[in-house]
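# Understanding the architecture of this molecule
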Amino acid sequence: MTDPSLLPFFAPRGVMVVGASKDPTKLGYALARNLIQSGYTGAISFINPKGGVLLGHNMITRIADVPDPVDLAVVLVPPPAVPGAMREVGERGIKAAIIATGGFRETGREGAALENEVVEICRHYGIRFIGPNCIGITNTHLPMDTTFLQPPLAPIGDAAFISHSGAICAAVIDWVRGQGFGFSQLISLGNQPDVNETDMLEPVADDPHTRVMTMYMEGVSNGTRFVETARKITRFKPIIALKVGRFEAGRRAAASHTGALAGQESAFDAAFRKAGILRANTTEEMFQWARALAWCPLPKGNRMAVLTNSGGPGVTASDALEMNGLKLAELSEDTRAALKPILSPAASLHNPVDMLASADPQLYAGCLRILLGDPGVDGVIVISPPPPSSSAGGIVRELIPIIQTTDKPVILVLMGDTLIREGIAFCHASQIVEYRFPEWAASALGAMYRFAEWKKIPLDEPIEPTNIDPAAARRWLGMAKSGEFLPQEAANGLLMAYGIHTVQPQLAASAEEAVGIADQLGYPVVLKVASPDISHKSDVGGVLLNLADAAAVRKGFDTVTRRARTARPEALIEGAHVQRMLTTGQEVITGMVRDPQFGPLLMFGSGGVDVEGLKDVGFALAPLSRREVEELVDSTWAGRKLRGWRSLPPADREAVLDALVRLGRLALDNPEIAEIEINPLRALGEGRGAFAIDVRARLG
C-alpha cells in the first residue's frame, strides 16, 4: 500500500516551481516549459522574486502568496538559497518537494553540510522530498513533467524507470523513442537523504499504466526493506534492475574464505534472487527485456520454436535459446504433417523450421499458425533477414493479427537496417516486439520465462529451527571483544548452542598432553596448531591428518608448532588442538559474512583448502526457506554430489540443509557476529549427520 505522504509526487492538485525563469538559457525556464508542454491540467504557479510573465502565467514573488491548490513544490534555485526556500515551502504548508538543484553531498564536505541543513528543515516541517541533485519526475499518463530535460518529452508507454542517475534518464528517453517504446513513470532520485528507491517501489507498482518496472541502481538505502518490498511486488509485476559498480577495487577485508569470496555483488545477486528481481547486465538489455515483458504474454514453459527463412540465423537462435535456459521444442507429428504440404521439399520440418529464402508473407503466417497450435510449443521466434522477393513490411502485416490473438509469446527478429524499416514501423505501431538479431530475442524470452517461473513459486516462509539455546550462544560470544576471533572452544560452543554438530577440539599445551587426549578420543586423530593469530592453519603447515598412534601424535605436535613459529614468528602459539578424525563422508564449506546492507549472507560450496581456487560456491540471504536452502545447495557441484556421484555414496544432505538454516538463524539472532565459517563441514552417510570440523568466528 502506497505511503500517503508520497501521493503528491504522483497526482498533485497543483505544482509550484520555485526558481522559474524567463531566460530560455536557464534550467528554471526549461522546467517551467516542460511542465506546461506536458499537458498538466492541475494548478501551476511560477515563483520568481522579480515577478513578470512566463509562458502565459504571472510569476508570483513570494511562496507565501501562492494560491491553493498546491501540494508539490519543485525547487531549482542556487544551492545556498535552497534552505531558505524550503523553510518558506514548509511555512506555506506544502508537504512534498522535488529539489532539482545540485551542489550538495556529491560535491564534498561543504555540500554535505548544506544537505544536512535541508534535511533538518524538511523534518521540522514534515516535508517529504526527492533529491537534491536530481532532474525530477515524469508521469506521462497524468500527464506531468517536472524535469528540465530538452524536448521532446518522454514518450508515453508501459515501463516505469526509477534511476539513481539523472544523466542516464535523458539518454534513455531519447533511445527508447527510437525503439517505439515509452515510459509510464520516470523518477530521478538524486542523493536520496529522504525519499529513496524503496519508497518509490509501491506507488509505482500501484500505477495501472505501469506493466513493468525498471531500475538503475548504484546502491540501496535499506537492503532488508528493499527485498521485502520488492518481493511482494514481483508476484504480479516484473522488476528489472541494472546494478552498476560491479567491479569495485575496494572490497572489504576478511580473514575467512567466505569473506574473501563474498563481495558486494554476491549480496546483490542473492538479494535480487530472493526478491524475484531480474538482473540485467547492460542498460540496453534492461529495456529490451522490459519491452518484451510489457507487450508479450508470458510463456507457460521453456520449449521454443524457431521459424526462419535462413539456416544460419536459425542455428544462432537455437544456441542462444539454450544459453538462456530455454530449449528447442520437439514438434509433434501433427505439426510436421501440417507443415509438409505448404513447405518446399527442401525445407526443414524440424525445429528450427527453415522455410528457405523464397518464403513469402503468406507462408510465414501459415507456418506461425501451425507452430502456435502445437501444445508442445511455449513460444516462437520468427526470423526474417531482408527477403529477396517480398518486403519485411509485408511479412509483418501478415503476422500482426496472429501475434495479437495468441496467448503465447512471439518475438520477431527483423535482421538488417534500411530494408526492414517499414516492418519495424508496423511492429512499433502494433506493440509487437522485434529485435535485430536472434540473441536478443532469446535473451528476452529467457527473462520472461524466469519471471513466469518465479510467479509460480509460493512465497514460502523461512524455516525456524528448533532446539536452539540463544542464551548459551550469548555466553560464548562474551569470550571475545569486537574485531576479535572467538577462541576455538567458544566457536564450537556457539555452533552447538544452535544445534550444529561439531567434532569438539581439545587444546593440548604439550606433546604429552596431546597424546593423552588422543588416547581418550581414539585413533586416528587430527592435529591443528592452536593460535588466535593464524586463521588458515594449513597455509603454514599447521594441520596433520590421520595420526594413527601416540608416536605420530607426539611427533606431529612438535611439527605443527615448529612450522607455525617458523612461518609466523610473531604469532601466539598456544599448542595444538586434537580432534577425532572422521574418515568417511563428503567435505563442504558453509559460512556467513554480514553484508552492511542486506545482513547475513550465507555461503555454501566445495570445502577444504581449495575453496578459493575452485570457487564452487553459492550465496543466499538469511533467513532461508526450504526452497531457498535447496536452491543454494543445488547451485554448486558440491551440493549436487551430496546425492551421490558414480562411486561416491550419498551423504546426509538433509543434515547439511539443516546446518545452513541454523547458521542463518544464528547470524540473524546475533548481529555482533561479523563472519563465521565452517570449513570443512563433513557430511557423513545418509542419516548419520553432518559435523563441523573446523570453525572460525569473528565479531564485528
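Preceding this paragraph is the structure being described.
Our subject in this report is the structure included herewith. This is a predicted model, so every value here is computed, not measured.

What counts, and at which threshold
Throughout this description, residue numbers start from 1 for each chain and increase along the sequence as written. Thresholds applied to this predicted model are a pLDDT of at least 70 for local features of residues and 80 or more for the giving and counting of side-chain atom pairs; totals over whole chains, interfaces and linings are not thresholded and use all residues. Note that the side-chain values use all heavy atoms of the structure and ignore hydrogens as well as water. Every helix listed is a DSSP run of H or I at least four residues long, and every strand listed is a run of E at least two residues long, numbered separately from the N terminus. Each residue is placed in one exposure class: buried if its accessible area under a 1.4 Å probe, protein chains only, is under 20% of its type's maximum, exposed if it is over 50%, and partly exposed if it falls in between. Working definition of accessibility: Shrake-Rupley area with a 1.4 Å probe, residue cover restricted to the visible protein chains. Note that His is not counted, nor are the chain ends; the positive residues are Lys and Arg, and the negative ones are Asp and Glu. Note on charges: their place is set at NZ of Lys, CZ of Arg, CG of Asp or CD of Glu. In this analysis, strands are considered paired if DSSP registers two or more bridges between them. As a rule, the C-alpha atoms of each element are fitted with a line to give its axis, helices using only the stretch in contact, and angles between N-to-C directions run from 0 to 180 degrees. Put simply, buried Ala, Val, Leu, Ile, Met, Phe, Trp, Tyr and Cys residues joined by side-chain atoms within 4.5 Å make one nonpolar core. Any two rings among Phe, Tyr and Trp, with Trp reduced to its six-membered ring, count as a pair given centres within 6.5 Å; such a pair is stacked if its planes are under 30 degrees apart, edge-to-face if over 60, and tilted if neither. Geometrically, a lysine NZ or arginine CZ counts as sitting over a ring once it is within 6 Å of the ring centre and also within 35 degrees of the ring normal.

The subject of this paragraph is the overall build of the chain. Scanning the chain from N- to C-terminus turns up 23 helices and 30 strands. A total of 700 residues make up the chain; the buried ones form 58% of that total. Summed over its atoms, the accessible surface of the chain is roughly 28,300 Å², and 53% of this surface lies on carbon and sulfur atoms. The chain carries 68 positive and 77 negative side-chain charges, and their two centres are separated by 0 Å.

The next thing to look at is the sheet that holds strand β6 (residues 96-99). Spatial ordering of the open sheet is given by β2-β1-β5-β6-β7, a layout of five strands whose pairing is parallel. In this open sheet, the two edge strands, each paired with only one partner strand, are β2 (43-47) and β7 (128-130). Neighbour to neighbour, the strand axes of the sheet diverge by 20 degrees on average, direction disregarded. By the bridge criterion, five bridges tie strand β1 (residues 14-18) to β2 in an arrangement that is parallel. Its bridge partner being in β2, glycine 14 is matched across the sheet by alanine 43.

This part is about the sheet that holds strand β10 (residues 156-163). Working definition: the strands of a sheet are paired by backbone hydrogen bonds and lie parallel or antiparallel to each other. As summarised here, the arrangement of the seven strands in space is β9-β8-β11-β10-β12-β13-β14, forming an open sheet in which the pairing is mixed. Pairing within the sheet leaves two strands with one partner each, and these edge strands are β9 (144-145) and β14 (278-279). As judged from the five bridges shared by strand β12 (residues 212-217) and strand β13 (residues 239-243), these two strands associate in the parallel manner. What sits directly across from tyrosine 216, in β13, is leucine 242.

Every regular strand shows the same layout, with side chains that alternate between the two sheet faces. Among the 11 residues in strand β28 (residues 673-683), 11 count as buried, and that is most of the element. Across seven bridges, strand β25 (residues 586-595) lies against β28 in antiparallel orientation. Bridge pairing links valine 588 to leucine 681 in β28. Where β28 lies against strand β30 (residues 695-699), five bridges are found, and the strand directions are antiparallel.

Turning our attention to the nonpolar core. Counting residues in hydrophobic clusters, the biggest one holds 110 residues, and the most contacted among them are Phe9, Phe161 and Phe183. Top element by residues in this core is helix α15 (residues 438-456). It accounts for nine residues.

This brings us to the packing of aromatic side chains. Across all of its chains, the model carries eight aromatic pairs by this definition. Taking 5.9 Å as the distance between ring centres and 80 degrees as the angle between the ring planes, the aromatic pair formed by phenylalanine 183 and phenylalanine 287 counts as edge-to-face. Taken together, the positions of phenylalanine 183 in strand β11 (residues 183-188) and phenylalanine 287 in helix α9 (residues 283-295) put the pair 104 residues apart, joining distant regions of the chain. Classification of phenylalanine 287 as buried rests on a relative accessible area of 1%. Between the aromatic rings of phenylalanine 268 and phenylalanine 598, the centroid separation amounts to 5.0 Å while the plane-to-plane angle is 85 degrees, which identifies the pairing as edge-to-face. Here the residue phenylalanine 268 occupies a position in helix α8 (residues 264-275), and phenylalanine 598 occupies one in the loop between β25 and β26 (599-606), the gap between them amounting to 330 residues. Since its relative accessible area comes to 5%, phenylalanine 598 is described here as buried. Grouped by ring-pair contacts, the aromatic residues Phe161, Trp175, Phe183 and Phe287 constitute a single cluster. Sitting above the plane of the phenylalanine 268 ring, lysine 243 keeps its charged end 4.8 Å from the centroid. Here the guanidinium or amino end of arginine 450 rests over the ring plane of tryptophan 289, the centre of that ring lying 5.3 Å away.

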